[in-house]
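# Results of the structural survey
The chain contents come next:
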Amino acid sequence: MNTSPADCCAEPSRKLLSVEEGRARILDSLQPVEGVERLPLKSATGRILAQDIVSAIDVPCFANSAMDGYAVRSQDCPGEGDTVLEVVGSSFAGAPFEGAVGRGQCVRIMTGAVVPEGADAVLMQERVEREDERIRFASGSVEAGLNVRYPGEDTRRGDTVLECGKRLGAAEIALLASVGVGEVPLRRRLRVAFFSTGDELTSLGQPLEAGQIYDSNRYALSAMLSAPRIEYYDLGVIPDRRDAVRDAFRQAGAMADLVLTSGGVSVGEADYVTETLAELGQIDFWRMAMKPGKPLAFGRLGAAVFFGLPGNPVSAMVTFYQFVLPAIRKMSGEKARAPLLLQARCAGDLRKAPGRMEFQRGILQTAADGSLEVSTTGLQGSHVLSSMSRANCFIHLPAESSGAHRGEMVTVQPFADLGY
Ligand code: AMP
Ligand code: MG
């Protein structure tokens, strides 16, 4: 949809879009970036797999011992009295016993060592008494398979060990190494360009003049975009001038898969972001039924996806986490995952007016009885970054809710869920 500036600005307080509807529309319109690169496993942490990975081997690939002890034949260990077996050799991890275990014999064995031919169980060393080249132990049940790890128990040859779209964390890197994969096909990194707009913004290192504030949104964005799957470009502060905003849009659109701006999406007189997007690209919608963060521009700028985030610092962060992060996950080829939402008891009253969904900032903790409890961080203004910093979760209050009383259950989203 290509809306003229007049159209988009004529909408003001009419229809607000619900958060779910907005997120669904955004995600429906996005595709993962094309382009695959093969990288050594060590450089793949935090990246997204571009193909299924099939194991070429069984893991374990031979029967091995789960304990330090003695490899025995289970049929040599009857149920009564003491059993005595002759120790005929040893099997160490990486240095197997070369022969076979015969009747009345056993082999000293270490964890991870090959279970020798003939043996089918491992007695842990704490159960035996060693007498020179013999062991003695109180007979009891020694079943075939005791303390033996069988081939393919973890992964079988031909199994898909990881699927396309999987994010590679430490466990996945370890799993790939265990099946011998040293190089992995990954989605290429997502290119994200961003800039702040506003004549009042001062860059760090410069003194504040009257009426000026420090630009915090670019720092928030660079922090929120610091991830192995992202290559970001900080294009600085752009003044509130039509031509300057237009130039910055052109530059960002030419270099990135995703363009983010902050500020200039309200209907103020110096708010050129929506207008410029409508002129140079396509704007889809721009008012969300949420608090903080009502104004949000979403659209296209050439081949790039565009988000115009609100200027207020907390609004910019909330909007980023609720819309841009899921978009980045999808664009970088990650398989969709539902947000982690928990139920927690309110430690105090939460004020809210019905109408818009709120993402209040909360402190989630485990109460003395083990249940989850959430308290407010205090001031909830969209400019109060200190309150955002005290928080460790968002408290999701639905649009129709009129707040919550102490003791009521509310939905919370831990910040731990808001990563890559
Ligand atoms: P705007 O969306 O441009 O109308 O800005 C809304 C509010 O956010 C104003 O109080 C701005 O001064 C503030 N603001 C805009 N951009 C930034 C930024 N990059 N860092 C900190 N505050 C900002
Ligand atoms: Mg502004």
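All figures in this text were calculated on a predicted structure; none of them were measured in a lab. (Residues numbered from 1 in each chain as written. Chains lettered and ligands numbered in written order. Predicted model: local features only at pLDDT ≥ 70, side-chain atom pairs only at ≥ 80, totals over all residues. Heavy atoms only, no water.)

### Re the sheet that holds strand β18 (residues 282-287)
The strand order across the open sheet formed by 6 strands is β16-β13-β17-β21-β20-β18, and the pairing between neighbours is mixed. Each edge of the open sheet is held by one strand with a lone partner, namely β16 (230-238) and β18. Adjacent strand axes in the sheet meet at a mean angle of 15°, parallel and antiparallel pairs treated alike. The pairing of strand β13 (residues 190-197) with β16 spans 7 bridges and is classified as parallel. Looking at β16, one finds that R191 is bridged to E231. On top of the sheet, helix α6 (residues 273-280) reaches β13, β17 (258-262), β18, β20 (295-301) and β21 (304-309); it is set at about 20° to β20, its chief contact. (Pairing = 2+ DSSP bridges. Helix = DSSP H or I, 4+ residues; strand = E, 2+ residues; numbered from the N terminus. Axes fitted to C-alpha atoms, helices over the stretch in contact; angles between N-to-C directions. Contact = heavy atoms within 4.5 Å.)

### Considering the packing of helix α2 (residues 19-28) against helix α7 (residues 313-331)
Taken N-terminus to C-terminus, the directions of α2 and α7 make an angle of 25°; their axes are 10 Å apart at the nearest point. Judged by the angle between their axes, α2 and α7 are roughly parallel. Where α2 crosses over α7, the handedness of that crossing is right-handed. Listed contacts from α7 to V19, G22, R23, I26, L27 and D28 of α2 are Q322, F323, P326, A327 and K330. (Parallel < 35°, antiparallel > 145°, perpendicular 65-115°, else oblique. Left-handed = near helix turned anticlockwise from the far one by under 90°.)

### Section: the site of ligand 1
Among the 16 residues in the neighbourhood of ligand 1, the closest are listed as E200, D215, S216, G264 and G311. Taking E200, its side chain carries an N or O atom lying 2.5 Å from an oxygen atom of ligand 1. More than half of the atoms of ligand 1 fall within 2 Å of the grid points belonging to the largest pocket. (Near = heavy atom within 4 Å. Polar contact = N/O pair within 3.5 Å; in protein donor to acceptor, adjacent residues only side chain to side chain. 1 Å grid on protein atoms, 1.4 Å probe; cavity = no way out; pocket = protein on both sides within 12 Å on 5 of 7 lines; lining within 4 Å. Sits in = over half its atoms within 2 Å of the grid points.)

### What about the side chain of S65?
With respect to the helices and strands, the residue S65 is situated in strand β3 (residues 64-65). Since its relative accessible area comes to 0%, S65 is described here as buried. Looking at S65, its side chain comes within polar contact range of the main-chain oxygen of M67, at 2.6 Å. Setting aside chain neighbours within four positions, we find S65 in contact with I109, M110, T111, G112, A113, V115, V122, N147 and R149. (Buried < 20%, exposed > 50% of the residue type's maximum accessible area, 1.4 Å probe, protein only.)

### Overview of the pattern of salt bridges
As enumerated under the stated definition, the model contains 19 salt bridges in all. For E334, the salt bridge goes to R229, with nearest N and O atoms at 2.8 Å. Separated by 105 residues along the polypeptide, E334 in the loop between α7 and β22 (342-346) and R229 in the loop between α4 (217-224) and β16 bring together distant segments of the chain. Salt bridges sharing common partners tie together D82, E131 and R136. (Salt bridge = Lys/Arg side-chain N within 4 Å of Asp/Glu carboxyl O.)

### Observations concerning the state of the cysteines
By definition, a disulfide links two cysteine residues through a covalent bond between their sulfur atoms. Inspection of every chain in the model, using the stated rule, returns 0 disulfides. The structure places no disulfide on C77, whose sulfur is separated from the nearest cysteine sulfur, that of C106, by 8.9 Å. The class of C77 is buried, set by a relative accessible area of 6%. Free cysteine: C346, not disulfide-bonded; nearest cysteine sulfur from C393 at 10 Å. (Disulfide = S-S within 2.5 Å.)

### Some thoughts on the side chain of D215
In this fold, D215 is placed in the loop between β15 (213-214) and α4. Residue classification places D215 among the buried residues on the basis of a relative accessible area of 3%. Polar side-chain contacts of D215 include one of 2.6 Å to the side chain of R218. If we ignore the near neighbours within four places in the chain, the residues touching D215 are S196, L201, T202 and V237.

### Things to note about the domain arrangement of the protein chain
Assigned domains within the protein chain: domain 1 (5-34 + 188-331), domain 2 (36-59 + 153-187), domain 3 (64-149) and domain 4 (342-418). Put simply, the middle of domain 1 and the middle of domain 2, counted by C-alpha atoms, are 35 Å apart. Residue-level contacts link 7 residues of domain 1 with 9 residues of domain 2. For the pairing of domain 1 and domain 2, the buried interface totals around 600 Å² over both sides, and the portion due to carbon and sulfur atoms is 54%. For the domain 1 face of the interface with domain 2, the top three residues by lost area are R188, P228 and R229, together amounting to 69%. The tally of links from domain 1 across to domain 2 stands at 0 salt bridges. In this structure, the connection of domain 1 to domain 2 is made through 2 residue pairs in polar contact (both at pLDDT 80 or more). Taken together, the residues of the side of domain 1 that touches domain 2 break down into 3 nonpolar, no polar and 4 charged. (Domains from an automatic or database assignment. Buried area = accessible area lost by both parts, 1.4 Å probe. Nonpolar A, V, L, I, M, F, W, Y, C, P; charged D, E, K, R; others polar.)

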